[in-house]
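# Architecture at a glance
These are the residues of each chain, in order.
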Amino acid sequence: MSRYNKPETIALHGGSHRADPTAGSVAVPIHQTTSFQFQDTGHAARLFGLAELGNIYTRIMNPTCDALETRIAAMEGGAAALAVGSGQAATTFCVMNLCEAGDNIVSSTDLYGGTWNLFANTLKQFGIEVRFVDPADPEAFARATDARTRAYYAETLPNPKLNVFPIAEVAAIGRRLGVPLIMDNTAAPIICRPFEHGAAIVMHSTTKWIGGHGTSIGGIVVDGGNFDWEAGGDRFPTLNRPDPSYHGAIWSQAAKPLGPIAYILRMRTCLLRDIGAPMAPFNAFMFLQGLETLPLRMERHCENAIKAAAWLKQHPKVTKVIHPSLAEGEMRRRAETYLKGGYGSLMGIELAGGKEAGQAFIEKLKMFYHVANIGDARSLAIHPATTTHSQLDEQEQAASGVTPGYVRLSIGIEHIDDIIADLEQALG
Ligand code: PLP
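Residues numbered from 1 in each chain as written. Predicted model: local features only at pLDDT ≥ 70, side-chain atom pairs only at ≥ 80, totals over all residues. Heavy atoms only, no water.

## Here we look at the nonpolar core
Of all hydrophobic cores here, the largest spans 57 residues; its most connected members are Leu68, Tyr152, Phe165, Ile167, Leu181 and Leu339. Here this core spans two domains, and each of domain 1 (7–282) and domain 2 (295–427) adds at least three residues to it. Setting aside residues no more than four positions away along its own chain, leucine 68 makes contact with Ala83, Ile220, Met279, Ala284, Phe287, Leu288 and Leu291. Among the nonpolar cores identified, the runner-up in size contains 44 residues, and Ala89, Ile128, Tyr246 and Ala249 belong to it. (Core = buried A, V, L, I, M, F, W, Y, C linked by side-chain atoms within 4.5 Å. Buried < 20%, exposed > 50% of the residue type's maximum accessible area, 1.4 Å probe, protein only. Domains from an automatic or database assignment. Contact = heavy atoms within 4.5 Å.)

## Let's talk about the site of the ligand
Taken together, 13 residues are adjacent to the ligand, and Gly87, Asp184, Ser205, Thr207 and Lys208 come closest. A distance of 2.6 Å separates a nitrogen atom of the ligand from a polar side-chain atom of aspartate 184. Relative to its free-state accessible area of 390 Å², the ligand is covered by the protein chains to the extent of 90%. Across the shell around the ligand, the residue classes break down as three nonpolar, seven polar and three charged. (Near = heavy atom within 4 Å. Polar contact = N/O pair within 3.5 Å; in protein donor to acceptor, adjacent residues only side chain to side chain. Areas by Shrake-Rupley, 256 points an atom, 1.4 Å probe, with all protein chains shown as cover. Nonpolar A, V, L, I, M, F, W, Y, C, P; charged D, E, K, R; others polar.)

## What to know about the domain arrangement of the chain
Splitting the chain by domain gives domain 1 (7–282) and domain 2 (295–427). For domain 1 and domain 2, the distance between their C-alpha centroids amounts to 29 Å. The interface is formed by 40 residues belonging to domain 1 together with 42 residues belonging to domain 2. In this assembly, domain 1 packs against domain 2 so that about 3,200 Å² is buried in total across both faces, 62% of it on carbon and sulfur atoms. (Buried area = accessible area lost by both parts, 1.4 Å probe.)

## Notes on the packing of aromatic side chains
Taken as a whole and assessed by the stated rule, the structure comprises 10 aromatic pairs. Between phenylalanine 119 and tyrosine 153, the aromatic rings sit 5.0 Å apart at their centres with planes inclined by 85°, giving edge-to-face as the arrangement. Here phenylalanine 119 is found in helix 5 (residues 113–125), whereas its partner tyrosine 153 is found in strand 4 (residues 149–155), with 34 residues between them in sequence. Overall, tyrosine 153 belongs to the buried group, its relative accessible area being 0%. Ring centres 5.3 Å apart and planes at 65° place the aromatic pair phenylalanine 141 and tyrosine 152 in the edge-to-face group. You can see phenylalanine 141 sitting in helix 6 (residues 139–143) and its partner tyrosine 152 sitting in strand 4, a full 11 residues away along the chain. Across the pair, exposure class does not vary: phenylalanine 141 and tyrosine 152 are buried alike. Taken together, the ring pairs in this structure connect Phe227, Trp229, Phe236 and Tyr263 into an aromatic cluster. Directly above the ring of tyrosine 112 sits lysine 208, whose terminal nitrogen or CZ lies 6.0 Å from the centroid. (Phe/Tyr/Trp six-rings, centres within 6.5 Å; stacked < 30°, edge-to-face > 60°. Helix = DSSP H or I, 4+ residues; strand = E, 2+ residues; numbered from the N terminus. Lys NZ or Arg CZ within 6 Å of the ring centre and 35° of its normal.)

## Observations regarding the packing of helix 4 (residues 87–96) against helix 5
Two elements in contact, helix 4 and helix 5, have axes separated by 10 Å at closest approach and are oriented at 45°. By the angle between their axes, helix 4 is oblique relative to helix 5. At the point where helix 4 passes helix 5, the crossing takes the right-handed sense. Here Gln88, Thr91, Thr92 and Val95 of helix 4 lie close against helix 5, whose contacting residues are Gly114, Thr115, Leu118, Phe119 and Leu123. Looking at the contact of helix 4 with helix 5 residue by residue, the classes come out as four nonpolar, five polar and no charged. (Axes fitted to C-alpha atoms, helices over the stretch in contact; angles between N-to-C directions. Parallel < 35°, antiparallel > 145°, perpendicular 65-115°, else oblique. Left-handed = near helix turned anticlockwise from the far one by under 90°.)

## A closer look at the environment of glycine 401
With respect to the element layout, glycine 401 can be found in the loop between helix 14 (394–399) and strand 12 (406–410). In sequence terms glycine 401 and leucine 339 are 62 residues apart; their C-alpha atoms lie 21 Å from each other. Not counting residues up to four positions away in its chain, the partners in contact with glycine 401 are Pro160, Lys161 and Tyr406.

## Some words on helix 13 (residues 354–364)
Within the span of helix 13, buried status applies to Ala357, Gly358, Phe361 and Ile362. End-on view of helix 13: buried residues confined to an arc of 135°, all on one side of the axis. Set apart from the buried face of helix 13 by more than 90 degrees, the exposed residues are Glu356 and Glu363. Elements that come into contact with the buried residues of helix 13 comprise strand 9 (346–351), strand 10 (369–370), strand 11 (380–382), strand 12 and helix 15 (416–427). (Arc of directions from axis to C-beta.)

## Considerations on the sheet that holds strand 6 (residues 201–205)
Judged by pairing direction, the sheet is mixed, and its seven strands sit side by side in the order 1-7-6-5-4-2-3 without closing on themselves. Single-partner strands in this sheet number two, and they are strand 1 (80–84) and strand 3 (129–133). Shown here is a sheet whose adjacent strand axes are inclined to one another by a mean of 20°, direction ignored. Taken together, the five bridges between strand 2 (residues 104–108) and strand 3 define a ladder with parallel strand orientation. Across the sheet, the residue bridging to serine 107 is phenylalanine 132, located in strand 3. Most of the contacts of helix 5 go to strand 3, to which it runs at about 135°, and overall it touches strand 2, strand 3 and strand 4. (Pairing = 2+ DSSP bridges.)

Written as structure tokens, this is what we have:
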């Protein structure tokens, strides 16, 4: 548990790092090393046998990554975290940590295109089925659940539809049926805390708002420490069955002396060990720099997005503006329930004139960068139908909310006057 409970303070002081014990460095040192010297053979044996936790090899843990992991776990209010090489690796690990061939998860249809591909195609190669359901109806998750359902998966603020996910509703269904909810909280750090609404696991592509400066690719998984894996029995074979790769350890029991961290412990000791994909220590350092100002940046991102959405809404060439600040009815209720202090900085607009108008608008932008990324301090734009979502067929694009004229904006922290001026000249 963090010593502090305010995000602004946790972002600077949360987690394991205070000052480096050898040199007193206040900034987290970059431990650019593959390996760590053991004190003696007994120490080495204890570390390998998990009788003592400590650094062995950077594929499995590293002190710079640990500083990031403990700080983000504190920020989300979770028990422990694991940093990996990308958001995609984080999602893959979230599923593989629970699923074997023949198992399934139930996922929201409202997903980042890369996650959609992973779920619809790549996981299938390993015999893992993903059942897609529309989150407009939370009970659809219950209907798709069977004895081999290992998890539910969703994004808090999924682009392109930007309909806030009904976290508490689906988490409650999951807890009734014994299924954990995994939330991708990439687009809503600080403004949404999924564990407070019953989620069991949170992941982030740290590439986005946490990094905030478009410099590094990374991902993180946070274990809420709030799900009873042992009570789930046969539903969680990877956690409740003796693991031959670790002398028959049963992770839900082996983790107990360390805290409620069976899920993340198994992910580190088995998946990270066997599959690799660790976060590089240098990238962990970059994410720590981003994290320190994240609460401040989120305030400005959110404030600018509300103003840009209101301005775009009254523009005659814009037929539709998609932003939670403009949502109505049930979607408005969800936005108000789950987002605090802002509505995020992703936005969708539809232009009269469809695909050609969308592409022409992007070509004309001068300050906005035309890139695949989101969550940078700079304002960004892209045309999803021909880029991020182009590997989906038309039906899949429609299901995930991508229409031909849709343009995605990620509003940055520049002065709002300059943001609006660029939008205005590009629309003109
Ligand atoms: N989740 C969301 C919501 C994303 O937007 C992205 C990337 O755009 C990812 C996951 C994947 O993250 P990464 O690009 O770090 O692999």
